[in-house]
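# Close look at the chain arrangement
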Amino acid sequence: MKRWLVSGVAVLVSTSFALAGEVYWDNFRDGYDADTRFTSERNTQHSMGFSSASWAVDDFSVPLDFPELGEDQGIGFNLTSVEWIGARQLDGDRLGYDRLDWGIFTRTQDPLTMEFDFQPLALDGGGLALFTDQMIGSDWVIAEELGDTTDGQESVYRGRLETDIPLDVETEYWVGVRLVGNDGNGDMGSAGRHFIASGSGESLYPNADSAFRFDPPRGGDPWQPIVNPISGQEFEAAYKLGFTVIPEPASLALLSLAGLVCLRRR
């Protein structure tokens, strides 16, 4: 993934911790290209978990030297939102997408075959950062309809979900989402497809990897970088992630003191 943006200076003070500064890792701040889209699911009628479903994932991390955070780089951060530009195949009332699978993943590489593998992130306290059958309207929303692709085959939209997952600084993570259709999609053969659009613009962090795809419904290919088959150009997937930064203890004490002063004045 590619671009960071700091927006606002919101501070939340409590007796145990504080979250300060809203930060975004944004792959479509400069726009998106829905005509360049990657498979995210071709069998949308079923929530097939992780290893049996198609995914289009992209990397992100929080660098310690991120300049907009100033001198206090914090001790960690919480992932609070995920947005994406997707394109889903519609056919009147016959196709629908009322659920979502999404997750945060880590990547490993086999030293012998050099092939990459991705697995859902293990969360503190147990469990995995893989969330299946998330219901539209409560767990996630289509925040904006953006028209059709140029060829008219898919309808473009901006999706959004909110979450609260603690993550570490300077650690490579990957994010992926896929729509899950209703039962009627199963009767449409290859229809009912869903894609993630390409982000556009220059990368703020040019050493970041391109997006990766995994598409077992089309033959069980291993994880591969998403590239233009003609030019070999790598792509970034149109994901945008929001975070709140967890300040260092010294800054936390100052924020708590400021909060007490405000309460006393009231």
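Residues numbered from 1 in each chain as written. Predicted model: local features only at pLDDT ≥ 70, side-chain atom pairs only at ≥ 80, totals over all residues. Heavy atoms only, no water.

As for its placement among the helices and strands, Ile104 is situated in strand β7 (residues 97-109). A sequence separation of 47 residues divides Ile104 from Val57, and the C-alpha atoms of the two residues are 9.0 Å apart. Those residues in contact with Ile104 that sit more than four places away from it in its chain are Phe60, Leu79, Gln119, Pro120, Leu121, Ala129, Ile165, Tyr173, Trp174 and Val175. (Helix = DSSP H or I, 4+ residues; strand = E, 2+ residues; numbered from the N terminus. Contact = heavy atoms within 4.5 Å.)

Moving on: unusual backbone geometry. With the exception of glycine, most residues fall at negative phi, and the peptide bonds are largely trans. Located in the positive-phi region is Met114, a residue other than glycine, with phi close to 65°. Among the structural elements, Met114 can be located in the loop between β7 and β8 (116-120). The partly exposed category is assigned to Met114, whose relative accessible area is 47%. Positive phi outside glycine occurs at Glu170, with the angle close to 50°. (Buried < 20%, exposed > 50% of the residue type's maximum accessible area, 1.4 Å probe, protein only.)

As a further point, take the pattern of salt bridges. Tallied over the entire structure, the rule returns 12 salt bridges. Arg37 serves as the salt-bridge partner of Glu154, at 2.7 Å between the closest nitrogen and oxygen. Here the residue Glu154 occupies a position in the loop between β10 (140-148) and β11 (155-167), and Arg37 occupies one in strand β4 (residues 32-41), the gap between them amounting to 117 residues. Each of the two residues, Glu154 as well as Arg37, counts as buried. One salt bridge in this structure joins Arg107 and Glu172, with 3.4 Å as the shortest N-O distance. (Salt bridge = Lys/Arg side-chain N within 4 Å of Asp/Glu carboxyl O.)

What follows is about the nonpolar core. The biggest cluster of nonpolar side chains holds 34 residues, and the ones touching the most others in it are Trp84 and Ile104. For this core, the secondary structure elements donating two or more residues are β5 (55-60), β6 (76-88), β7, β11, β12 (173-181) and β16 (239-246). By size, the runner-up hydrophobic cluster in this structure holds 10 residues, among which are Ala53, Trp55, Val57 and Trp174. (Core = buried A, V, L, I, M, F, W, Y, C linked by side-chain atoms within 4.5 Å.)

Summarising the sheet, β10 and β11 pair through seven bridges and their orientation is antiparallel. Considered in β11, the bridge of Ile142 is made with Gly159. Following β10, the chain reverses through six residues before pairing antiparallel with β11; Gly152 in that reversal takes a positive phi of roughly 75°. (Pairing = 2+ DSSP bridges.)

Turning our eyes to something else, we now look at the confidence of the model for the protein chain. For the protein chain, the mean per-residue pLDDT works out to 77, and 67% of the residues sit at or above 70. Element-level mean pLDDT values for the protein chain span from 36 in strand β2 (residues 11-13) up to 96 in β10. In the predicted structure, residues 250-263 sits below a pLDDT of 50 and forms 13 contacts with residues beyond four places in sequence or in another chain. (pLDDT = per-residue confidence, 0-100.)

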